[in-house]
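Here is how the chains run, residue by residue.
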Amino acid sequence: MAPADLLLRNIDWLITVDGGRRILRDAAIAIAGGRIAAVGKTVELEKRYGEAKAFDCRGFVATPGFVDAHLHSSFHLSRGLADEANAQSFLFDRMYPYEAALEADDVRVSATFAASELLRHGVTTFVDPGNYHPESSVEGALSTGIRMFVSRSSFDLTKSVLGILPEKMIETTDIALRRAEEMLERYSKTGNSRLGATASFRGLNNASDELILGLRKLAEKYDTLLQTHACFSYSTHDSSLARCGLAEIERLEHLGVIDERMLIVHSGWLEPHEVEILARRKPSLVCAPSSTDLPSAINFVMGKLPELMALGVNVALGSDHASSGIVDMTQEMRLACCGYKEVRANPRVMPPEHGVEMATINGAKATPWHDRIGNIETGKEADIVLFDTARPEWQPLVNPVSNLVYAATGDSVRHVFVAGEQVVRDGRLTKIDEAELYRQIPLAVGRFSKRLAMDKIVQLRWPAS
């Protein structure tokens, strides 16, 4: 008998996303010290690891833990605040005022809420683009057992053609760089295997060349990613051309900062030569379909992500923020795959297997943890999700990848393990009191609402009394 702490056995379908993209029937996973010790048939692994604690998985589909490559955890209290808003209104009338109204404790509640929803929908790792209270994001999110990359958001240009930032969010270049380094110094090497840190500037239209180059140097110093939003709407694309004479990806290339250690979110509105730049430099891109298409009509499908994937560019998935409604990677997979099929009028574009890769192994490749997470194979950390198939969307079950992408939602997630630790059991989080969390949410909303003109933001078209 080989030593192991836990044996997940009798898995009906195991989608490994390993090098051979194997799907195993009646499978088992042996876990030792938080890592995967072996993957194989139940009958074989029971002979080798029969003394390990057994967890029966009959009636379940198992997948790797999903990686949400872009999620604003501080925006999780913003549902209902950005409906039917175009790019300008979404940012400058809704979300930036909302963000400026948040205090540290509000961000802690929001991050806890975000992480709890992610875990309950099968996400075991997420990348946060940052806010002004990163310590609160860390406190809230890590309390749930999730993995995260924390960032401090950076702006240094207060005005763009889209609008003016709230006064509370305005910083000089020096202050923005100093605070970014303080965050990286604090969180990049904590020894906590579930916490990483990245450098981040929110977008090109509110970032000077000096800020971008300074953050790039910090990313190199702390051996991490540089992340930003780019090309998420025609407005930002056109603004960059008007102000700089360069489109957004073209500007990053001109500055010499774009390479495989950069994470670029959206990348929908591209000039033809920018496609060539991305194919040559190969940063990781993040497709966020629910936020940049539904309900904002910004049209992520205007982009060239299927073509860029065919050219070898790594494309991951992100749910972006709760103000778009969906924070569910299974639905993001469906939107990404089906959205491009619709626009291309081609059923062969973006098969469901691409959606699963984007949510797992591609997400891992977009982070410094690509050798630790993202699939189920020996040596990887044991981040595993079990979907309950005793539900109508999972039946009949002849192709689990198809069911997962085209039919399922995160509501069918039953159990989640992070590094072999069960953080979701029977659909409930194991490490926090969810009832207490839901008591705190309206209290936090009540606090920041007093600092925000809610009557101008909430779009109730039917009378409420």
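From a predicted model like this one, the values you see are computed outputs, not experimental measurements. (Residues numbered from 1 in each chain as written. Predicted model: local features only at pLDDT ≥ 70, side-chain atom pairs only at ≥ 80, totals over all residues. Heavy atoms only, no water.)

Attention shifts here to the overall build of the protein chain. Each helix and strand in the protein chain was counted, giving 17 helices and 20 strands. On C-alpha atoms alone, the protein chain measures out to a radius of gyration of 22 Å, which is about the 23 Å that the 2.2 N^0.38 rule sets for 465 residues. Dimensions along the principal axes, computed over C-alpha positions, put the protein chain at roughly 65 × 50 × 50 Å. Here the protein chain, with 465 residues, has 63% of them falling under the buried criterion. Here the protein chain displays about 17600 Å² of accessible surface, and carbon together with sulfur accounts for 51% of that area. The protein chain carries 52 positive and 61 negative side-chain charges, and their two centres are separated by 2 Å. (Helix = DSSP H or I, 4+ residues; strand = E, 2+ residues; numbered from the N terminus. Rg over C-alpha atoms; globule rule 2.2 N^0.38 Å. Buried < 20%, exposed > 50% of the residue type's maximum accessible area, 1.4 Å probe, protein only. Areas by Shrake-Rupley, 256 points an atom, 1.4 Å probe, with all protein chains shown as cover. Lys, Arg positive; Asp, Glu negative; His and termini not counted. Charge placed at Lys NZ, Arg CZ, Asp CG, Glu CD.)

So, on to the pattern of salt bridges. Opposite charge on two side chains makes pairing possible when the charged atoms of those side chains draw close. A full pass over the atoms with the stated rule returns 37 salt bridges. Among the ionic pairs, Glu46 bridges to Arg9, the shortest N-O distance being 3.2 Å. With Glu46 in helix H1 (residues 42–49) and Arg9 in strand S1 (residues 6–15), this residue pair connects regions lying 37 residues apart in the sequence. Glu421 is the salt-bridge partner of Lys431, the closest N and O atoms lying 3.1 Å from each other. Of the two residues, Lys431 sits in the loop between strand S20 (428–429) and helix H16 (434–449) while Glu421 sits in strand S19 (residues 421–425), which places them 10 residues apart along the sequence. Residue classification places Lys431 among the partly exposed residues on the basis of a relative accessible area of 38%. (Salt bridge = Lys/Arg side-chain N within 4 Å of Asp/Glu carboxyl O.)

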